[in-house]
Each structure stands twice: as C-alpha cells, then as structure tokens.
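Next come the chains, spelled out residue by residue.
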Amino acid sequence: MRLRHVAAVAVATAMVGLVSVPVQARVLERPSAQVGVKVKGVPTPKEFFGFEMGDEGKLAHFDSIKRYFKLIADRSDEADYQVVDRTTLGNEYPILLMSSKHNLKRIDQVLDINKRLSDPRVMQAEAKRAGVPVDEYAKKLAAQSLPVYYIEATIHSTEVGPTQSLVNVVHRLATENSEFTRQVLDNVILLVVPSQNPDGQKLVVEHFNRTAGTNYDRTYPDLYHHYTGHDDNRDWFMLTQKESQTRVRLEQKYRPVAQHYMHQAGATSPRIWSPPWDEPMSETLDPIVVSASNTLGMQTQRDLVAEGKKGAKWNDAYGILWNADVIGYSPFLGTSTWLTEIASVRDLAYTYTSDKILEPATKTLRSVLPYDSKTWTLKQIVEYGASAAYSGMKTVASDPETWLYDNLYLSNRNSETWTGGPYAYVVPADQRDPYALYDMMKIFDFGQVEIDRATTAFTVGDKKYAAGSYILKTQQPMGRWVDQLLRIDEYPDAARKCAECPLIMPYSETTDNLALFMGVDVDAVAKPFAAATTRVRGIEPVRQQMPGHPGRGGAYVLSPTSYGLGQVIADLQKADVPAYRAKAAVTVGGRTLPAGALLVPSKDPNARPVLTRASQETGLPVYATDTVPNVAAVKLKADTRVGLVRGANNMPGGWMMWMFDQFGVNYEVVSADDYADLRGKYDTIVLAPGISANSITRGLDPAKNPPEFRWARGVPDGLDKLKQFVEGGGNLVALGSASTTAATSLGLPVQNVTPSNRTAFNAPGALLKQSYDPEVPAAWGMPESWPTWFNNDAAFKVTGDAQVAATYPKEEDLLVSGYAHGTSAIGGATNIATFDVGKGEATIAGGHITFRTWPRASWTVVTNAMYNGAGEDVTAGQLAGAFR
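Residues numbered from 1 in each chain as written. Predicted model: local features only at pLDDT ≥ 70, side-chain atom pairs only at ≥ 80, totals over all residues. Heavy atoms only, no water.

Q: Is there a simple way to think about the overall build of the chain in this case?
A: Check the secondary structure of the chain and you find 28 helices and 40 strands. For 884 residues, the compact-globule estimate of 2.2 N^0.38 gives 29 Å, and the C-alpha radius of gyration of the chain, at 29 Å, lies within 12% of that figure. The dimensions of the chain, computed from C-alpha atoms along their principal axes, are 90 × 70 × 60 Å. In the chain, buried positions account for 61% of the 884 residues. Within the chain, contacts between residues at least 6 apart in sequence are counted, and of these 79% link residues at least 24 apart. Approximately 32000 Å² of the chain is accessible, and the part contributed by carbon and sulfur atoms is 48%. Side chains of the chain carry 89 positive and 96 negative charges; the gap between the two charge centres is 4 Å. (Helix = DSSP H or I, 4+ residues; strand = E, 2+ residues; numbered from the N terminus. Rg over C-alpha atoms; globule rule 2.2 N^0.38 Å. Buried < 20%, exposed > 50% of the residue type's maximum accessible area, 1.4 Å probe, protein only. Contact = heavy atoms within 4.5 Å. Areas by Shrake-Rupley, 256 points an atom, 1.4 Å probe, with all protein chains shown as cover. Lys, Arg positive; Asp, Glu negative; His and termini not counted. Charge placed at Lys NZ, Arg CZ, Asp CG, Glu CD.)

Q: Would you mind showing me how to read the packing of helix α9 (residues 161–175) against helix α15 (residues 378–397) here?
A: Between two packed helices, the angle of one axis relative to the other and the distance separating the axes together describe the packing. Packing of α9 against α15 brings their axes to within 8 Å, and their N-to-C directions diverge by 55°. The angle between α9 and α15 falls in the class oblique. When you trace α9 past α15, the crossing you get is right-handed. Across the interface between the two elements, G161, Q164, S165, N168, V169, R172 and L173 from α9 touch L378, I381, V382, G385, A386, A389, Y390 and M393 from α15. Among the residues making up the contact of α9 with α15, the classes are represented as 9 nonpolar, 5 polar and 1 charged. (Axes fitted to C-alpha atoms, helices over the stretch in contact; angles between N-to-C directions. Parallel < 35°, antiparallel > 145°, perpendicular 65-115°, else oblique. Left-handed = near helix turned anticlockwise from the far one by under 90°. Nonpolar A, V, L, I, M, F, W, Y, C, P; charged D, E, K, R; others polar.)

Q: Quick question: what am I supposed to make of the sheet that holds strand β19 (residues 533–535) here?
A: Sheet strands associate in pairs through backbone hydrogen bonding, adopting either a parallel or an antiparallel arrangement. Sheet architecture is open: 5 strands sit in the order β18-β13-β17-β14-β19, paired in antiparallel fashion. One side of each edge strand has no neighbouring strand; the edge strands of this open sheet are β18 (523–525) and β19. Averaged over all neighbouring strand pairs, the angle between strand axes comes to 30°, with direction disregarded. Two strands pair when backbone bridges link them, and strand β14 (residues 452–454) and strand β17 (residues 470–473) are joined in this way by 2 bridges, in the antiparallel orientation. Paired with D452 across the bridge in β17 is I471. Against the sheet, helix α17 (residues 434–446) engages β13 (424–427) and β17, with an angle of about 35° to β17. (Pairing = 2+ DSSP bridges.)

Q: Quick question: what am I supposed to make of the pairing of β17 here?
A: As defined by bridge partners, β13 adjoins β17 across 4 bridges and the pair is classed as antiparallel. Bridge pairing in β17 links Y425 to L472.

Q: What exactly am I supposed to notice about the state of the cysteines here?
A: Formally, a disulfide is one covalent bond, and it connects the sulfur atom of one cysteine to the sulfur atom of another. For the structure shown, the criterion picks out 1 disulfide. Between the sulfur atoms of C498 and its disulfide mate C501 the distance is 2.0 Å. Measuring the twist about the S-S bond at about 95°, one finds the C498-C501 disulfide to be right-handed. (Disulfide = S-S within 2.5 Å.)

Q: Can you help me understand the pairing of strand β24 (residues 598–601) in this one?
A: Put simply, side chains in a regular strand alternate between the two faces of the sheet. Covered by surrounding structure in β24 are L598 and V600 together with L599 and P601, the residues of both alternating faces. In this structure, strand β20 (residues 555–558) lies alongside β24, joined through 4 bridges in antiparallel fashion. Counted as the bridge partner of V557 is L599 from β24. Pairing of strand β21 (residues 580–582) with β24, which is carried by 2 bridges, proceeds in the antiparallel orientation. Residue pairing in the sheet places Y580 in a bridge with L599 of β24.

Q: I tried to follow the packing of aromatic side chains on my own but got confused; where do I start?
A: Geometrically, a pair of aromatic rings is defined through the distance of the ring centres and the angle of the planes. Enumeration over the complete set of coordinates arrives at 37 aromatic pairs. On the numbers, 5.4 Å between centres and 50° between planes, the contact of Y580 with F883 is tilted. Of the two residues, Y580 is situated in strand β21 and F883 in helix α28 (residues 876–883); the sequence distance between them amounts to 303 residues. As far as the burial class goes, Y580 and F883 line up, both buried. Three or more aromatic residues joined by ring pairs form one cluster here, namely Y435, Y438, Y563, F660, F663, Y667 and W859. When the ring centre of Y390 is taken as origin, the NZ or CZ atom of R172, which lies over that ring, is 4.6 Å away. (Phe/Tyr/Trp six-rings, centres within 6.5 Å; stacked < 30°, edge-to-face > 60°. Lys NZ or Arg CZ within 6 Å of the ring centre and 35° of its normal.)

Q: What's the story with the pattern of salt bridges in this structure? I'm lost.
A: For side chains of opposite charge, pairing can occur when their charged atoms come near one another. In this structure the tally under the stated criterion is 46 salt bridges. Measuring nitrogen to oxygen at the nearest pair gives 3.6 Å for the salt bridge that ties K202 to E206. Within this pair, K202 and its partner E206 are both found in helix α11 (residues 198–210), separated by 4 residues, close to a single helical turn. According to the relative accessible area criterion, K202 is buried, its value standing at 14%. According to the relative accessible area criterion, E206 is partly exposed, its value standing at 28%. (Salt bridge = Lys/Arg side-chain N within 4 Å of Asp/Glu carboxyl O.)

Q: I tried to follow the sheet that holds β24 on my own but got confused; where do I start?
A: Spatial strand order, β25-β20-β24-β21-β26-β40: 6 strands in an open sheet with antiparallel pairing. Both edges of this open sheet fall to β25 (623–625) and β40 (872–874), since each of them pairs with a single strand only. Recorded for the sheet is a direction-independent mean angle of 30° between the axes of neighbouring strands. Relative to strand β26 (residues 633–635), β21 runs antiparallel, the two sharing 3 bridges. Its bridge partner lying in β26, R581 is registered against V634.

Set out below in structure tokens:
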C-alpha cells in the first residue's frame with residue numbers, strides 16, 4: 001500500500017486556486033494491518049436476513065436489502081444512504097455512499113474539485129492565475145481530492161446474484177477494521193447502486209419467493225422493466241427511461257473514474273468474465289479510458305487466480321465498445337467502465353449441474369486457471385462477485401491520484417484537442433420535422449453538451465444556414481460523445497484477430513446515428529468557420545404562432561411530415577375533436593402540404609385550444625384556411641381503439657408500450673380473453689415485432705404460471721381469430737418479424753427474399769437506403785428517401801395487389817451507416833405495404849422500424865397505419881359538408 005507524502009500536499013495547498021484540506025489526516029487515521037471490528041451493533045447478513053447470502057434457494061428481497069443498507073448508514077459514520085429518485089413504477093431508487101467519516105464530510109468539496117479537473121479550460125484559467133504549468137497544477141489538485149468508484153448490480157433483474165453479493169461487500173466495508181478496508185475507505189468514495197432496476201428486483205424476487213413450493217416456474221415470466229425488460233441497458237444514448245436518466249445524473253454529479261457493472265451470463269458461460277474487451281473499439285473513445293478499463297479487468301483476473309477462484313476468462317467476448325447503446329454515457333466523462341459476467345445457476349438460486357466440466361474447462365492464456373467441476377452454485381456467484389468488487393476498489397484505491405489525473409484531467413484535456421471527428425456538426429434551423437429537431441437536441445442538452453445557436457444567418461462553403469441553426473463542436477468536453485452519435489459509422493476492417501481472420505461483429509448493433517434515426521438533417525463541417533452564436537441553456541420546442549381563427553366553416557391544417565403528428569392526433573381524439581387526412585396535396589396560405597395533411601374543423605370549440613397546446617409541446621406549425629380544401633380524405637375513427645399484441649417478456653412490445661404512452665395512444669395490451677370478440681373491442685390491432693404464431697397460439701402455460709399471467713396464455717385458434725378480425729373490417733399492423741406471422745396467417749401475396757446465408761448477406765443492425773412513395777397512405781409525410789433500420793429482417797417480393805409504401809432501391813450497396821454486405825440481394829424488395837383483406841386491411845413492415853424507439857422517423861408510418869386503416873374514406877363533397 002502506497003501512503004501519500006504529506007510534504008507534497010503542503011506545497012499544493014499553498015498554491016493559488018487550490019483548496020486547502022487536511023489530506024494528511026488520511027495517513028494519520030490508518031490503523032495497523034490487524035483485522036478488527038470498527039462498528040458495533042451492525043448485524044451480519046445472516047442475523048438480519050435469516051440466511052447467508054448465496055444460500056441454496058434463498059434470495060433477499062430488495063426492500064429488506066434497502067432496510068439493511070439504511071441500518072448500516074444509521075449506525076456507521078462511514079456510510080450515507082440516499083434515495084435519489086423514483087423509478088418507472090414509483091419505487092425508490094437508492095444508493096449508498098461509503099468512505100471515511102472525514103471524506104464524507106467534505107464530499108461536496110471533493111466533487112467540486114473533480115468537476116474542475118474534468119474541465120481543461122477551468123484548469124488552464126486556474127493554473128494561469130497560480131503561475132504554474134497546467135499539468136503540474138492538475139496533479140496538485142488531484143492530490144487534494146478523491147476518486148469516486150461506482151459499482152452497480154442487477155441491471156438485468158434475473159441476474160440476482162450481484163445484489164446479494166453487494167450485501168456482503170457493504171457489510172465488510174462497514175464493519176471490518178483492516179488494512180484493506182482502510183485503504184479503500186480512506187482513498188476512495190464508493191458509490192454503491194444495489195440495483196439499476198429496482199422495479200425488476202422487486203418483481204423477480206417477489207415472484208421467486210411467492211412461487212416456492214408450487215408447480216409454477218420460479219423465474220418471472222414477463223418484462224422485468226415495465227417497458228424495456230432486458231433492454232434496460234440498451235437505452236444509454238436515447239436515454240428514454242427514468243432509470244437511464246437517473247444513472248446519467250449520478251454520473252454527471254459524481255464523475256466516477258471507474259464504473260463496475262455486475263452482470264450474470266448463461267450457466268454454461270465462463271464462471272466469470274472480465275475485460276480486456278474484444279473488438280471492435282469506437283474511434284471516439286479516449287485510449288486512457290479504455291486501457292484503464294482493461295487494467296481493472298486484468299487485475300481482477302490476477303486476484304481471482306491468486307484466491308484460487310477457478311474459471312475466470314477474458315478477451316474473447318463482449319465487444320461492447322463500438323456502439324453508444326452499450327458503451328454508455330460515462331466513458332465520455334472520463335469513466336473507465338468495466339463489467340463482470342458471472343455464470344448463472346438453475347432457477348435463479350439453485351445449483352446448476354452439468355454432465356461435463358463447466359466452462360472454461362481448458363487452460364489457455366485467456367483462462368489460466370480453468371474450472372474443474374460439473375456444478376455451480378449461487379454461493380459461488382456471491383463469492384466471485386465480491387472478489388471482483390474488492391479487486392476493482394483496491395486497484396483504484398492503491399493509486400487514487402493517478403486515476404484522478406489520468407481519467408478526469410487527461411482524458412478530458414484530450415477531448416479538447418481531439419481531431420478524430422469534424423470541426424463541428426451543424427443542425428440547420430429549417431427542418432422538415434421540427435419535433436424531431438426538438439427531440440434530438442433535448443438528448444444533447446441532457447448530456448451537458450455545449451450547444452451554440454446562430455443569432456444570424458451564416459455561410460459555410462457554399463451552403464447558407466439560417467439564424468437559429470445549432471452548432472455542436474467536437475473539441476469540447478463532450479465532443480467525442482457528439483461525434484459518436486452523429487458520425488456516419490464505417491465499421492473497422494481492423495476488427496479481426498489477424499489479417500486473414502473473419503471480421504468480428506460487435507456485441508450490439510453497428511450504428512447509433514441519432515440524426516438519421518430521428519429524421520434530422522445534420523451536416524458535418526470539417527474545418528473551422530465563423531458564425532455569431534449564443535450558448536444554449538435548455539432546449540425548447542420551436543415557437544410557433546397560432547393563426548387567426550379561420551371562421552366557423554374553415555379548417556386548421558397540419559403538415560404530415562412530423563412523427564409528432566401522432567401526439568396531435570391522440571390529443572384531438574381524447575378531446576373528441578374530429579380529424580381527417582387529406583388524400584392528396586393541399587395548399588394553405590401559399591404553402592403546399594403533401595398528401596396526408598391533418599384537417600381539423602375549426603367549428604369544434606375544442607379544436608383551437610387542443611391544437612394550441614399540441615403546437616406548443618411539439619413545435620409543429622398549425623395553419624388555417626377559411627375554405628376547406630377540395631380533396632378526398634380519410635375520416636379518422638373517433639377514439640380509435642388500438643390493441644397491442646406484445647406477448648409475455650417480448651421487449652419490442654414493451655418499447656411499443658413506451659411509445660404509445662408518450663404519444664397518448666388509446667391502447668390496451670391484447671389478452672387471451674379478448675380473442676373471443678376482437679372486433680367488438682378494437683379498431684386496430686398492432687402485432688409487435690417478435691410476435692410469432694407460437695406467441696399467439698401457445699403463449700404462457702397456465703399450469704406453470706400464476707393466474708395474473710393468464711392474459712398471456714395461448715389461444716389455439718388465435719391466428720384464425722385475427723384473420724376473422726381483419727376480414728370483418730378490422731385494421732392490422734404487423735411490424736418486424738411479426739410481418740411474416742401476419743403474412744402467413746392472412747395469406748398475403750408476399751415472399752420473403754432476405755438471404756439466410758450470412759456469408760453472402762449480413763446487415764446486423766444497420767441503416768440502409770429506403771425509398772418511400774408519399775402518395776401511399778402508409779407513407780404519408782415521409783420523404784421520398786430516408787434510411788431505415790435493418791437487422792437481417794424480412795424483405796418482400798410482392799406477388800399480388802398491394803399499396804407499396806417503401807422499397808429498397810435497386811443498387812449494389814444499400815448501406816448508409818454501420819456494417820452490411822451483400823445488400824444488393826434485397827434491392828427492389830418491399831419493406832412496407834398495405835393489403836386489402838376482406839372488408840379490412842393489413843399493413844406490414846418487414847423491417848423492425850420501431851427498434852427500441854431508435855428509428856423515430858419511421859414512427860410516422862406506424863401512426864399512418866394505425867389510424868388511417870381504421871378510418872373511413874370520404875369524398876371531397878362529404879368533407880366540405882362535414883366542415884360547414
């Protein structure tokens with residue numbers, strides 16, 4: 001253990017701008033290496049819970065764990081229990097801060113220093129005032145602070161072991177008086193997050209405990225995050241969920257130098273995995289941050305081996321450093337994120353037994369101490385997890401000043417001079433979808449990006465930008481994150497083990513281009529340019545002026561070109577205001593709006609207040625005309641009733657629920673009981689991606705699941721019932737893989753032409769070129785060309801009558817951003833089409849156009865299909881009569 005030299009600190013405190021703190025107290029407080037008890041009155045986990053963490057078939061409830069952590073904080077001056085937020089379902093989101101009494105008392109001062117260290121411009125200014133070279137100044141400042149070490153468990157709620165393990169970790173740190181605990185608590189501030197998804201912890205453990213002694217399955221059968229399920233760690237750049245936002249606020253406040261994610265993997269995976277990471281690596285990541293992450297992982301491998309814990313492995317998996325959805329936000333602050341993946345057991349808490357030695361069973365350089373048993377227990381998960389946690393803490397605590405200097409100061413200084421991206425990204429003020437602009441810029445604002453806005457028009461090269469255009473420079477503290485989210489991704493050919501080895505695909509998807517997902521035009525500008533700007537503090541929707549009242553027989557009109565139109569339609573329906581969609585282009589006040597424009601009778605007394613509020617919330621302009629356009633239209637069904645077939649534990653269906661809730665869609669999740677009278681209950685039924693024939697006809701077995709999950713039981717004739725629903729006049733929308741379910745059950749004239757040979761064709765989560773026909777109702781409001789999400793999805797050859805809304809161009813290479821090869825095979829194929837089926841209609845989209853809510857631009861298609869298909873055609877004369 002390295003003790004700090006007090007004399008060096010004394011020099012630092014004499015410098016101008018540095019905060020004088022008694023760092024030497026840290027040295028004086030250190031006890032001998034003798035182990036003892038420092039806090040009395042704290043029960044052991046066994047005394048408090050009635051069993052040891054990891055006991056066979058035993059899981060501590062999250063509420064009990066919270067009470068235990070609070071008890072420890074109440075009885076120890078080296079722990080501080082806080083509830084920092086509420087979750088999606090209203091549960092508490094707790095954290096536990098642990099450090100020495102002296103450190104916790106000055107935590108605000110520590111966080112202030114660390115924030116200053118992270119801003120190279122602040123460092124430059126303070127060093128200049130002190131008359132000291134900035135690097136030297138930063139080192140002295142780091143000597144007066146402490147690194148924050150962030151450790152987090154059960155992101156995925158069925159991975160129950162890590163939270164149980166943290167109970168033992170916290171108890172040891174709170175009660176043991178040893179050289180190890182003193183080193184950690186004196187030199188580090190620990191930020192312990194017992195669960196990143198408290199809702200799921202409660203659901204999963206309560207279900208496990210409630211089903212004990214029954215014939216029911218012990219694992220919770222549905223989404224353990226209300227919307228995202230297992231995808232809750234795929235929200236780390238869109239930041240849609242409350243828990244994702246809470247985590248980012250913690251990262252921004254505490255600026256940890258290291259962040260340990262405690263995961264579990266499948267039972268046959270290595271006993272424990274840690275970095276070094278596998279390929280690929282994003283060019284936007286700072287090498288200090290990545291190398292330090294690898295260091296944490298390798299030190300953990302060494303410590304596990306030293307403890308005789310067999311079966312540790314590294315490097316051959318988890319290439320998560322390419323895409324922002326799994327990289328997360330904190331590495332762009334200077335945090336070295338690392339994870340441990342520990343093998344799971346049977347039914348969450350029971351010994352797993354195999355007929356052969358469990359992995360890794362072979363001695364290699366990546367697994368120097370292989371496993372030698374056919375069994376694996378929850379107790380081992382708890383013990384391995386604790387060992388890894390201690391290792392990471394010890395690594396940072398043994399050299400705190402270097403971690404602060406390298407991760408907070410150097411990595412952020414590097415960002416200021418980073419030249420890996422363009423000089424700036426310019427977001428033009430004139431966008432076809434002002435709501436998408438607002439939606440995207442909110443993300444950058446929440447991420448504390450420095451956003452400038454032009455106060456006057458300016459020119460770059462031969463392109464002129466209007467006042468109000470946003471400028472996002474890449475040489476700023478969060479500049480690398482900006483580039484990560486706006487660059488056109490070109491997958492690195494270097495992501496191989498050798499020159500002749502196959503390309504390594506990333507753990508997640510191959511692109512995260514925020515602007516392309518959301519339908520926002522953005523320009524990358526390579527060289528510096530001049531523009532008069534003001535720094536933006538908070539993002540608001542584009543301010544629109546409501547037009548004057550057009551008179552009783554007039555109409556309010558909105559363009560169909562925004563996916564925010566879905567919210568406007570839902571708001572109108574809630575207020576019982578009728579609405580129509582024009583079947584052809586209309587001209588209002590000299591503006592020509594494309595087919596699909598929303599027409600609202602001005603005579604309805606609720607129309608104007610509803611549209612005024614909706615315009616303020618979305619930034620969409622509302623136009624008015626005293627003469628109703630002479631055009632045929634679709635009258636949207638009043639209070640359109642939408643049924644969502646999502647299935648149990650189907651994440652795409654959960655994401656659909658989130659989008660429906662954001663836009664206020666009048667929907668219910670379709671239950672098995674509903675199939676008896678689908679037409680009586682729903683106007684439109686949406687099959688979420690992932691819904692197969694088995695999802696509908698077999699579902700959850702009632703004999704293996706409690707009564708509250710009967711809604712998801714199978715309906716043997718469910719596909720026939722769906723067909724009868726459509727043929728009887730219902731409207732069906734089937735997305736992603738559910739498109740083939742619908743095509744088969746309805747007998748649609750399509751053939752899936754996507755090749756299954758991944759050697760010849762592969763597009764594993766990329767943006768491909770897409771052509772739209774905006775005259776077709778499903779594509780109303782879409783541009784003629786815009787990229788679409790594709791993850792080896794279905795692409796169709798249409799062999800009968802259909803309204804084809806979107807196709808893949810007949811080109812050799814369809815890739816826009818990410819990785820794909822062989823895409824010419826689907827050139828000319830259809831993605832989105834609408835078919836007449838009896839008295840009703842069905843719209844299918846082979847691509848997963850709602851994937852995790854990322855491709856927001858495509859939500860326009862969902863809105864069109866849901867509402868138009870349930871509507872009623874009216875002639876121009878009938879339209880005029882309705883508005884009089």
